Amino acid sequence: MRVEPGGDRQTHDRKLRRTAYHRGVKAQLVASIELGGRGARHVAKVEGRLLVVTDDAVHEVAGDTLVPMIASIDVIDLSRHLVLTPRHLVEIGGATHALPPLDGAMPQALVALPDGAIVAVCEPRDKAAAAVLRLGRDGRLIWRTATPPPAALLETRSLRLADGVETPGPPLEATQWTMFRGNLCVSGDRVLAVFADAQRTGIAVAYGLDLATGALVYTTPAAPYDQLAPGPLDGQFVLGVQGYGAFRSVLVDRDGRALLHWDSQGISISRDPLRVLEMENVSPSRCRIATLGRDGSVHHGAHLPGYHTSPVVVAPDGAAVFWRNNAVMRASPDGDRIERLLETPTRARAWSDGFAGRAPGRVALALSARGVVDGALSERYRLFVIDLVA
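Residue indices begin from 1 for each chain and proceed along its sequence in written order. Local features in this predicted model are restricted to residues of pLDDT 70 or higher, and side-chain atom pairs are both shown and tallied only at a pLDDT of 80 or more, whereas totals for entire chains, interfaces and linings draw on every residue. To obtain the side-chain values, all non-hydrogen atoms of the structure were used and water was disregarded.

Caption draft 1: Region of the structure containing the pairing of strand β14 (residues 126-136). For β14, a buried count of eight out of eleven residues is recorded, marking the element as mostly surrounded by other parts of the structure. Two elements, strand β13 (residues 116-123) and β14, share seven bridges in a ladder whose sense is antiparallel. The partner of isoleucine 118 across the bridge, within β14, is arginine 134. When DSSP finds two or more bridges between a pair of strands, those strands are recorded as paired. Think of it this way: any DSSP run of H or I at least four residues long counts as a helix, any run of E at least two long counts as a strand, and we number them from the N terminus. Following β13, the chain reverses through two residues before pairing antiparallel with β14. As paired strands, β14 and strand β15 (residues 141-146) are joined by five bridges and run antiparallel to one another. Across the sheet, the residue bridging to alanine 131 is alanine 146, located in β15. From the end of β14 to the start of β15, which pair antiparallel, there are four residues, and glycine 139 there has a positive phi angle of about 90°. Burial classes: relative accessible area under 20% of the type maximum marks a residue as buried, over 50% as exposed, and values in between as partly exposed (1.4 Å probe, protein chains only).

Caption draft 2: The nonpolar core, seen in detail. In this description, a nonpolar core means a group of buried Ala, Val, Leu, Ile, Met, Phe, Trp, Tyr and Cys residues linked to one another through side-chain atoms lying within 4.5 Å. Core analysis: the biggest nonpolar cluster contains 22 residues, and Ile118, Val132, Trp177, Met179, Leu184 and Phe195 have the highest contact counts within it. For this core, the elements supplying multiple residues, two or more each, are β12 (106-113), β13, β14, β19 (190-196) and β20 (204-210). Working rule for contacts: check all heavy atoms of both residues, and any pair within 4.5 Å makes them a contact. Among residues more than four places away in sequence, those in contact with valine 132 are Ile118, Val119, Ala120, Trp143, Arg144, Thr145, Thr147, Leu184, Ala193, Phe195 and Leu209.

Caption draft 3: Here's a closer look at the pairing of strand β31 (residues 320-324). Counted residue by residue, β31 has five buried out of five residues, so it is predominantly covered. Here β31 shows no split at all, with Ala320, Phe322 and Arg324 on one side and Val321 and Trp323 on the other all buried. For strand β30 (residues 313-314) and β31, the ladder comprises two bridges, and the chain directions are antiparallel. Residue pairing for β31: valine 313 is matched across the bridge by valine 321. The loop that links β30 with its antiparallel partner β31 comprises five residues; one of these, glycine 318, has a positive phi angle of about 95°. Both β31 and strand β32 (residues 327-331) contribute to a ladder of five bridges, which runs antiparallel. By the bridge assignment for β32, arginine 324 is matched with alanine 327.

Caption draft 4: Structural context of the sheet that holds strand β27 (residues 274-278). Pairing in this open sheet of four strands is antiparallel, and the strands run β26-β27-β28-β29 from one edge to the other. The outermost strands of the open sheet, each flanked by one partner alone, are β26 (266-271) and β29 (298-303). Averaged over all neighbouring strand pairs, the angle between strand axes comes to 25°, with direction disregarded. Both strand β28 (residues 288-292) and β29 contribute to a ladder of four bridges, which runs antiparallel. Paired with leucine 292 across the bridge in β29 is valine 298. Note on method: axes are straight lines fitted to C-alpha atoms, helices fitted across the in-contact stretch only, with angles between N-to-C directions ranging 0 to 180 degrees.

Caption draft 5: Spatial organisation of unusual backbone geometry. Note that the residue after aspartate 272, namely proline 273, is joined by a cis bond; omega there is 5°. Checked against the element boundaries, proline 273 lands in the loop between β26 and β27. One non-glycine residue, aspartate 103, lies in positive phi territory at about 55°. Checked against the element boundaries, aspartate 103 lands in the loop between β11 (96-98) and β12.

Shape descriptors only; they carry no functional weight alone.
Dropping the structure here:
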């Protein structure tokens, strides 16, 4: 692992603007840390510390370097003060607890609670193994609820060529039943878990569970669900739908009833008002910062250039800071203006799954780039430590 201070003038970073000023906001590069082929899969702020999770360790950002905190660890997910591994729940700076027997399933996602955690598990080759668990702080099992796929995800139609009449076709069944990181959420006394036939169709179902008992309260209709976030009130969720011609969000209440629909979906910035960074699989980008009105209306603010978007850091005044289009950007609190705060290198194809910190304050950006090195396709990873000053 090589660390380059912000003032270093390495050739491959000459295009990186070390400091930028826009509307009184300053972004200054503190360090550029080369991670090589070890991916920075998570970046989080935990109890005032910036943590970076690579393929084999948990590190703390200390000035312009990384200090290992937990070594030789296979991290599945990280939430607040907890790290999920294939067999353990690890408290950062605390104890390690064995997971209960998972009957062949593998942990996929984690949401930390004040007194424990919610964990989702699945086994792609065994659709019936999908489940959501609530664990105590010591790792003991409080409840486990199975979340297998429905017998048919969607009904299909067949067209008879002879007379042009549509007739019922064979039902579409799930071939695998898995969960992506981020598809597990808690809002008030409800848990929402989204499992999908990810490898083939992308069609998913969301399971609404009671937080205290694990009882299945509702399931949503099958759809290509994307972004997931708590709604304006506890117990509510906002579910984004993208694909097969759909691009919308739906607000569901604690009993699964659809309260509102909007023709927009994306990464949540705020709960009240509901505001999102739109995410759509279209290039060139048509995405904007969107405010979702209580009457179902959508106010479209600033345009979002580029395609890949990092997680978002929200400032106390409601401004959103994120990485997109090869730059750290700041969206105004009303979503109507975007400022490019700091350019990042444009080598190869870049994207980011890790961005965390405070704004104003210090943030860490994990940037991934895919390119051809010595005739072979490879991925390289870099961590930028940046100070944001109002």
